[in-house]
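Analysis of the macromolecular model
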Amino acid sequence: MQKSTQVLFKTQFEEDVYKGLSDFPKHLSSKYFYDQKGDKLFQDIMHMPEYYLTRKEYDILKQHTAEIAGKFAMGNPRFKLIELGAGDGKKTKILLKYLSENNFDVKYQPIDISQSVLDGLEKSLHKELPDLQVEPQHGTYFEALEKINSENGTKKVILFLGSNIGNLLHEHAIAFLKSVQELMQDDDLLFIGFDMKKNPQTILDAYNDPSGITEAFNKNVLARINTELDGNFDLDKFLHWEVYDPETGTAKSYLVAKEAQTVSIDKLGLLIDFAPWETIHTEISQKYDDKVVAWLADNAGLKIETEFSDPEKQYKNFVFRK
Ligand code: AVI
């Protein structure tokens, strides 16, 4: 018998780990891949030859910079460019450079949960684009968006790149888009990157690199449980396993127990039994088609303004308004 709901949790991580590993089938959220080590592993993933997403989106921004900037500035060339989950801003810098060099009246407001990510980005932007106004916002997307909204009525262009939306189940993606939509004014725009359905092998390869970087990224949630919650997971006793369903467009990551084992998580007073080949589901990376994007937008009260894509239409950036 495992402890029940009277356990008092000090953090969301504690609660989610407790509940996810006590559930059947077991699950843990991919948001817990990201700590300092996880951030670095994700940077490495973005440089892997198999992980096409980053390159495709970079190429779209590079190929269509002037058109995208023109779309953003349409009707009102003075706007705030707000980026949700800015990271190192490598792709956004293409747009920022163009906007800055062509005298658009833009203020860039990157939002990130990690203060060190924001500090690094601000520093590099001051060096590379000294004339650009940068105002980082630390916090969750909605805290920061609400704060920005309350400041004044300047038009907003909100960026959500990297197919980050794909890490949300459709119902959560709709809820997320609805919340953003509610914070948008009539002339505000939302620019989102979507990884599109393609040859299933290409997708599997992107999440199953032979160098083991994605495996380490997936297992980082177990490493965090070991260091932060006094767990004793033996990472070698788990397999990284990726599946892709070409019908639904959902790629799913699992950690699979290679043998029967019991893991203790002392801070949670928890003992977890694993049967041989039992799974922990850790991540979804949704792939889209045009119909699904239109359906998500419709459900969130958004209208598609236009789209930009690579020549093979493997990745698309959509512009939405409310
Ligand atoms: C951040 N996110 C969009 C990545 C993805 O493609 O789902 C995270 C990732 N997981 C494994 N590789 C990359």
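Residues numbered from 1 in each chain as written. Predicted model: local features only at pLDDT ≥ 70, side-chain atom pairs only at ≥ 80, totals over all residues. Heavy atoms only, no water.

The subject of this paragraph is the packing of aromatic side chains. Overall, the coordinates contain 23 aromatic pairs when judged by the stated rule. A ring pair is formed by F13 and Y32, whose centres lie 4.7 Å apart and whose planes are at 50°; its orientation type is tilted. With a gap of 19 residues between them, F13 in helix α1 (residues 12–22) and Y32 in the loop between β1 (26–27) and α2 (36–46) connect regions that are remote in the sequence. Accessibility assignment for this pair places F13 and Y32 in one class, buried. Taken together, the ring pairs in this structure connect F33, Y34, F42, Y51, Y207 and F217 into an aromatic cluster. (Phe/Tyr/Trp six-rings, centres within 6.5 Å; stacked < 30°, edge-to-face > 60°. Helix = DSSP H or I, 4+ residues; strand = E, 2+ residues; numbered from the N terminus. Buried < 20%, exposed > 50% of the residue type's maximum accessible area, 1.4 Å probe, protein only.)

We now examine the confidence of the model for the chain. Mean pLDDT for the chain: 94, with 98% of residues reaching 70 or above. The complex prediction reports pTM at 0.95, with the ipTM value standing at 0.99. (pLDDT = per-residue confidence, 0-100.)

Looking at where K155 falls in the secondary structure, it is placed in strand β6 (residues 155–160). No salt bridge is formed by the buried K155, whose closest oppositely charged neighbour, D187, lies at an N-O distance of 5.6 Å. Separated by 3.1 Å, the side chain of K155 and the backbone oxygen of M74 make a polar contact. Setting aside residues no more than four positions away along its own chain, K155 makes contact with F72, A73, M74, N76, R78, F79, K80, D187 and D188. (Lys, Arg positive; Asp, Glu negative; His and termini not counted. Salt bridge = Lys/Arg side-chain N within 4 Å of Asp/Glu carboxyl O. Polar contact = N/O pair within 3.5 Å; in protein donor to acceptor, adjacent residues only side chain to side chain. Contact = heavy atoms within 4.5 Å.)

Bringing the UniProt feature "domain: Histidine-specific methyltransferase SAM-dependent" (unreviewed entry) in the chain into the picture now. Per the UniProt record, "domain: Histidine-specific methyltransferase SAM-dependent" (unreviewed entry) is found at residues 13–321. Helix makes up 40% of residues 13–321 and strand 27%, with an end-to-end C-alpha separation of 34 Å. (UniProt positions renumbered as here; feature names shortened; annotations may be inferred.)

Before going further, it helps to examine the packing of helix α8 (residues 170–182) against helix α11 (residues 290–299). α11 packs onto α8 with a crossing angle of 50° between their chain directions and a minimal axis gap of 8 Å. Our classification of the angle between α8 and α11 gives oblique. Handedness of the crossing formed by α8 with α11: right-handed. Of α11, the residues touching α8 (which contributes H170, A173, I174, L177 and K178) are V292, W295, L296 and N299. (Axes fitted to C-alpha atoms, helices over the stretch in contact; angles between N-to-C directions. Parallel < 35°, antiparallel > 145°, perpendicular 65-115°, else oblique. Left-handed = near helix turned anticlockwise from the far one by under 90°.)

What follows deals with the pairing of strand β11 (residues 270–274). Across the two faces of β11 the burial differs, with L270, I272 and F274 buried and L271 and D273 not buried at all. With five bridges connecting them, strand β10 (residues 261–265) and β11 associate as antiparallel partners. Paired with I265 across the bridge in β11 is L270. (Pairing = 2+ DSSP bridges.)

This part covers the sheet that holds β1. As summarised here, the arrangement of the four strands in space is β1-β12-β9-β8, forming an open sheet in which the pairing is mixed. Each having just a single partner strand, β1 and β8 (238–245) make up the two edges of the open sheet. In this structure, β1 lies alongside strand β12 (residues 279–286), joined through two bridges in parallel fashion. Bridged to H27 within β12 is H281. Each of β8, β9 (250–257) and β12 is contacted by helix α10 (residues 213–229), which is oriented at about 65° to β9, the strand it contacts most.

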